[in-house]
Amino acid sequence: MWSLLIAILYAIGLFALLLFGLNLFVLAIGFARHDRLIPGPVPDPDEAPTADRSWPNVTVQLPMFNEALVADRLVDVCAALEYPEGLLDIQVLDDSTDHTTEIVSARVAYWQGRGVSITHVRRAQREGYKAGALQHGMASARGDLIAIFDADFIPAPDFLLRMVPTFEDPDVGMVQARWTHQNADESLLTKLQAFGL
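So, here's what we can say about the structure. None of the values given here were measured: they were computed from a predicted structure.

1. Side note on the pairing of strand 2 (residues 88-94)
No. 1: Burial of strand 2 is extensive: seven of the seven residues sit out of reach of the surface.
No. 2: Here strand 1 (residues 58-64) runs beside strand 2; their pairing, made up of seven bridges, is parallel. If you follow threonine 59 over to strand 2, its bridge partner there is aspartate 89.
No. 3: Once the chain exits strand 1 it traverses helix 2 (residues 68-79) before rejoining the sheet at strand 2, and the crossover so formed is right-handed.
No. 4: In this fold, the crossover linking strand 2 to strand 3 (residues 118-121) by way of helix 3 (residues 100-112) has right-handed handedness.

In structure tokens, the structure reads:
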């Protein structure tokens, strides 16, 4: 009985690894087929471009629902994003039903007092969950480009300086940036998640 159960679990594990490997293979083939070299010098990865007033307006959207442990950190790192003054708006799209709302409200007021264009957006009904919050925020977004960070993300201060220039290519309509785990070495689970990513 136990040997049959172990064999079944082993087969399920192998099948899951097979699917994961096939997925990586398909992604690698797709990348190889569509990869193209951009003429010119290779950009220095440690050097972000310098933004000026000709850059597009950007709206940063931060959808949240009951994320009190990370809400203040996300608001603070997004308020510290480097971008030309007057061209960056931040929307904290808060559907929380716990004390996250008070935390967000305090941080938004703090940054508004320091001249950051940031708003705390609440909805009467939580229709569509976070996607609904993003759609609701679009009604008042004034950015030509939209950057979305989930509550547990920590974007680097120069994130927008590195991403916005990619939209100079008329074929680019969306950019998904690389992300990593802050706690990749914390446990076996986080190591596996980081490896999978």
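Next comes the rest of the write-up.
2. What about the sheet that holds strand 3?
No. 1: Across the sheet, which stays open at both edges, the four strands sit in the order 3-2-1-4 with parallel pairing between neighbours. Looking along the sheet, the strands with just one partner apiece sit at the ends: strand 3 and strand 4 (145-148). Ignoring which end each strand starts from, the neighbouring axes of this sheet average 20 degrees apart.
No. 2: The sheet contacts of helix 3 involve strand 1, strand 2 and strand 3, and relative to strand 3 the element is tilted by about 160 degrees.
No. 3: The strands touched by helix 4 (residues 129-138) are strand 1, strand 2, strand 3 and strand 4; relative to strand 1, the strand with the most contacts, the crossing angle is about 145 degrees.

3. A few points about the pattern of salt bridges
No. 1: Per the stated rule, a full pass over the model turns up seven salt bridges.
No. 2: The partner of arginine 123 in a salt bridge is aspartate 95, with the nearest N and O atoms 2.5 Å apart. Note that arginine 123 is positioned in the loop between strand 3 and helix 4 and aspartate 95 in the loop between strand 2 and helix 3, a separation of 28 residues in sequence.
No. 3: Between aspartate 158 and arginine 162 there is a salt bridge, with the nearest N and O atoms lying 2.8 Å from each other.
No. 4: Look at aspartate 158 and you get buried, because its relative accessible area is 19%.
No. 5: Among the residues examined, arginine 162 registers a relative accessible area of 29% and is labelled partly exposed.
No. 6: Here the salt bridges do not stand alone but share partners, grouping Glu67, Lys130 and Asp150 into one network.

Thresholds, definitions, all that
Residues numbered from 1 in each chain as written. Predicted model: local features only at pLDDT ≥ 70, side-chain atom pairs only at ≥ 80, totals over all residues. Heavy atoms only, no water. Buried < 20%, exposed > 50% of the residue type's maximum accessible area, 1.4 Å probe, protein only. Helix = DSSP H or I, 4+ residues; strand = E, 2+ residues; numbered from the N terminus. Pairing = 2+ DSSP bridges. Right-handed = clockwise from strand over helix to strand, strands pointing away. Axes fitted to C-alpha atoms, helices over the stretch in contact; angles between N-to-C directions. Contact = heavy atoms within 4.5 Å. Salt bridge = Lys/Arg side-chain N within 4 Å of Asp/Glu carboxyl O.

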